[in-house]
Amino acid sequence: MPPVSPAAAFDYIIIGAGSAGCVLANRLSEDPDVKVLLLEAGPRDWHPFIHMPAGLAKLVGQKGVNWDYDTSPEPQLDNRVLWWPRGKVLGGSSSINAMCYIRGVPRDYDDWAAQGAIGWDWASALPYFRRSEGNSRGADALHGGDGPLSVSDLRYTNPLSQVFVEAGRQAGLARNDDFNGPQQQGVGLYQVTQRDGARCSSAVAYLDPAKARANLTVHTGALASRITFDRHRANGVVYSAFGKAFHQQATREVILCGGAINSPQLLMLSGIGPAAELRRHGIDVVADAANVGRNLQDHLDICTLQHSTQRVTYDRVGDLQIAFNYFLRGHSGPGSSNIAEAGGFVRSPLAPDERADIQLHFVPAMLDDHGRRRLKGDGYTLHACFLRPRSRGRIALASNRASDKARIEANYLSDAEGFDLKMMLECAKLSRELFGQPAFDAYRGAPIFPARNDLSDTELVEFIRAKAETVYHPIGSCRMGSDEASVVDPELRVRGVEGLRVVDASVMPTLIGGNTNAPTIMIAERAADLIRGLPTL
Ligand SMILES: Cc1cc2nc3c(=O)[nH]c(=O)nc-3n(C[C@H](O)[C@H](O)[C@H](O)COP(=O)(O)OP(=O)(O)OC[C@H]3O[C@@H](n4cnc5c(N)ncnc54)[C@H](O)[C@@H]3O)c2cc1C
């Protein structure tokens, strides 16, 4: 182990400057009497494609800001290896995500509390959603108007996004102008985490206003490889930067915000995890915690693609031209689009309760293999994902080195009842139904994926196994709960040790019905009050 860094110890060391880590860096350093160190493995968020919303289409290929993960071969998906992008940059995944601002529905959080995440029911979560949110439409009972995370309507939308909304209406779905309002179900345009037409990542929202504080130190290019302990108390972090190893001490707490893949990996590298697995990798066991890395959940998604007979999609617009117009014309035009402009929440015939169980993201461009494979011509894409999967996967160690990627076994469609597969079938059928509505008549060209509109259920299942992908919402691998088997308790303290918390998407007990950025930020907002010993809102 490297010698302890000569710099004075910090009160708190936060590992990971992502959606959650930036919130904590800001909130904890509000107290001028504490010293906070924020470690981030990736670089600063200087890349212009991070800040121009439509640049997200370009970010998929930027390995410098992306962990660029692959799953293990997925047995229920033709043994395919699925690509899992995750942000590796200030702002984490909030710097590369699609900016859709969604919270899920109250029952998602009441379910968390019922599963043992005491204090995380909707009534407890809502004040923190409101505290974080700066919605340009203003505040009301459900929304915040002056929080750090700017939320706004899109400045520009493609005409096809309106066509999609109209198709939804024709299919009998309600028009919904606020998916975070009293009613989630329906179709409409997403509100996005943007400020003045630019991406509002967690770094922009929370870190930028705090980084001049004398009591906050931010180190980028700093890969944490191990949390250190004095007996069972976390007392520091070993990390590497500039090709050198450092050991920095924390007098109060180490807070792990590495996200759903890296947080369980770092716990295990630090000796907290299933004892047999740790020993197999030559890691000394600090706490035998069988469930670290377990309970992994993700939204599996199926894309339906169709050619457009009209040249209105984003497929043909030169990227340089978009960027030029965006920067020259005050952050307006297609460059301000998050691409996944419209969408919806639908309750399928199989829904076990009153909640929507399918989410849609409409993209006025052909999106194959996450946009990594360019197709010829013009077209549009409808993503459909099942919101509350029953399958569970896990994160496991590939080695005892932080520089090696952890193993991801998503285990999609592996639930014993086969319910997840039935739901994916519902997703594919719903997309086909929506593309068949009269609103698309003026645009509908030949189908691309699937290749025919009249596939039988058996053929659609083959299509799903061959083409389904992640919609980027892994959670649950450091599950919060009141039971001893959970990884963290409801105050997010890691069981079996002291002075260590996990605060990020990995602590969610189950997936919420929607995208996961806003819920992660809510978790960090509430965690900040818990850590500071402040009364919760
Ligand atoms: C392509 C994509 C599109 C998405 N679209 C949306 C969307 O439209 N709306 C939405 O709500 N959600 C979306 N999401 C999901 C959402 O962004 C994530 O759920 C959320 O950002 C997770 O936050 P987190 O804090 O758990 O992890 P992250 O934001 O991923 O942060 C983890 C941070 O920790 C750092 N880190 C990890 N390990 C170490 C280490 N050992 N040492 C130092 N630093 C480390 C990482 O580099 C990263 O910066 C999307 C995600 C992706 C990838």
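Residues numbered from 1 in each chain as written. Predicted model: local features only at pLDDT ≥ 70, side-chain atom pairs only at ≥ 80, totals over all residues. Heavy atoms only, no water.

So, the overall build of the chain
Definition in use: Strands are runs of DSSP state E lasting at least 2 residues, helices are runs of H or I lasting at least 4, and numbering of each runs from the N terminus. Computation of the radius of gyration draws on C-alpha atoms alone. For the globule rule, the value is 2.2 Å times the number of residues to the power 0.38. Working definition: with a 1.4 Å probe on protein chains only, accessible area under 20% of the residue-type maximum means buried, over 50% means exposed, and in between means partly exposed. Residue contacts are defined here by distance: any two heavy atoms, one from each residue, within 4.5 Å place the two residues in contact. Just so you know, the count uses Lys and Arg for positive and Asp and Glu for negative, and it drops His and the chain ends. A charge is said to be at NZ when it belongs to Lys, at CZ for Arg, at CG for Asp and at CD for Glu.
Scanning the chain for helices and strands turns up 13 helices and 25 strands. Here the C-alpha radius of gyration of the chain, 22 Å, is about what a compact globule of 537 residues would show, namely 24 Å. A total of 537 residues make up the chain; the buried ones form 62% of that total. If you take every contact in the chain between residues at least 6 apart in sequence, the share linking residues at least 24 apart comes to 70%. Across the chain, the mean location of the 57 positive side-chain charges is 4 Å away from that of the 60 negative side-chain charges.

Describing the site of the ligand
Rules: Consider each residue's heavy atoms; a residue with any of them within 4 Å of a molecule or strand counts as near. N or O atoms within 3.5 Å of each other form a polar contact, as long as, within protein, one can give a hydrogen and the other can take it, and as long as residues adjacent in sequence are counted only when both atoms are side-chain atoms. Per-residue and other accessible areas were derived by the Shrake-Rupley procedure at a 1.4 Å probe size, with only the shown protein chains allowed to occlude residues. Put simply, Ala, Val, Leu, Ile, Met, Phe, Trp, Tyr, Cys and Pro go in the nonpolar bin, Asp, Glu, Lys and Arg in the charged bin, and everything else, Gly too, in the polar bin.
Near the ligand, the surroundings consist of 38 residues, among which S19, E40, S93, T516 and N517 are the closest. Here an oxygen atom of the ligand sits 2.6 Å away from a polar atom, N or O, in the side chain of E40. Within the side chain of N97, an N or O atom sits 3.1 Å from an oxygen atom of the ligand. When the free accessible area of the ligand is taken as 1,000 Å², the share hidden by the protein chains comes to 96%. Contributing elements (two or more residues each) for the shell around the ligand: α1 (19-28), β12 (223-230), α8 (259-269) and α13 (517-532). Counted by class, the shell around the ligand contains 18 nonpolar, 16 polar and 4 charged residues.

Considering the pattern of salt bridges
In plain terms, the rule: Salt-bridge detection follows one rule: a side-chain nitrogen of Lys or Arg within 4 Å of a carboxyl oxygen of Asp or Glu.
Per the counting criterion, the structure on display carries 39 salt bridges. With a shortest N-O distance of 3.2 Å, R355 and D111 are connected by a salt bridge. Of the two residues, R355 sits in the loop between β18 (342-346) and β19 (358-363) while D111 sits in helix α4 (residues 106-114), which places them 244 residues apart along the sequence. With a relative accessible area of 7%, R355 lands in the buried category. A residue is classified by how much of its surface remains accessible, and D111, at 25% relative accessible area, is partly exposed.

A few points about the domain arrangement of the chain
Test applied: The start and end points of each domain follow an automatic or database-based domain assignment. Here the quantity called buried area is the accessible surface, traced with a 1.4 Å probe, that two parts lose on coming together, added over both.
For the chain, the assigned domains are domain 1 (1-149 + 200-296 + 474-537) and domain 2 (155-189 + 300-386 + 413-467). The centre of domain 1, based on its C-alpha atoms, is set 30 Å off from the matching centre of domain 2. Facing 31 residues of domain 1, the contacting portion of domain 2 comprises 34 residues. Carbon and sulfur atoms make up 55% of the area that domain 1 and domain 2 hide from each other, which totals about 2,600 Å². Taken as a group, M52, Q76 and W83 account for 20% of the area that domain 1 buries against domain 2, more than any other trio of residues on that side. Inspection of the domain 1/domain 2 interface yields 4 salt bridges. With a closest N to O distance of 2.9 Å, D108 and R355 form a salt bridge. In this assembly, domain 1 and domain 2 are joined by 16 residue pairs in polar contact (both at pLDDT 80 or more). Broken down by secondary-structure element, the contributors of at least two residues to the side of domain 1 that touches domain 2 are α2 (48-51), α3 (56-59) and α4. Broken down by element, the residue count for the side of domain 1 that touches domain 2 peaks at 3 residues, all from α4.

A few points about the sheet that holds strand β5 (residues 133-135)
Counted only if it meets this: DSSP bridges decide pairing: two strands pair if at least two such bridges lie between them. With axes taken as lines fitted to C-alpha atoms, and helix axes fitted only over the stretch in contact, angles between N-to-C directions fall between 0 and 180 degrees.
Strand order in the open sheet formed by 3 strands is β5-β6-β8, and the pairing between neighbours is mixed. Strands at the two margins of the open sheet, each flanked by one partner only, are β5 and β8 (191-192). Lying on the sheet, helix α5 (residues 122-132) is in contact with β5 and β6 (149-153); it crosses β5 at an angle near 60 degrees.

Considerations on the packing of aromatic side chains
Defined as follows: Pairing of aromatic rings covers Phe, Tyr and Trp, the last counted by its six-membered ring, and requires centre-to-centre distances within 6.5 Å; plane angles under 30 degrees mean stacked, over 60 mean edge-to-face, and any other angle means tilted.
By the definition in use, this model includes 16 aromatic pairs. With 6.1 Å between their ring centres and 45 degrees between their planes, F362 and Y380 make a pair best called tilted. Of this pair, F362 sits in strand β19 while Y380 is found in strand β20 (residues 379-386), placing the two residues 18 residues apart along the sequence. Aromatic pair F435 and F440: ring centres 5.1 Å apart, planes at 70 degrees, arrangement edge-to-face. Each of the two residues, F435 as well as F440, counts as buried.

Here we look at the packing of α5 against α13
For the record, the criterion: In what follows, roughly perpendicular refers to angles from 65 to 115 degrees, roughly parallel to angles under 35, roughly antiparallel to angles over 145, and oblique to any angle outside these ranges.
Packing of α5 against α13 brings their axes to within 9 Å, and their N-to-C directions diverge by 100 degrees. In terms of orientation, α5 and α13 fall into the roughly perpendicular class. Contacts from S124, A125, Y128, F129, R131 and S132 of α5 reach α13 at A518, P519, I521, M522, E525, R526 and D529. Looking at the contact of α5 with α13, its residues break down into 7 nonpolar, 2 polar and 4 charged.

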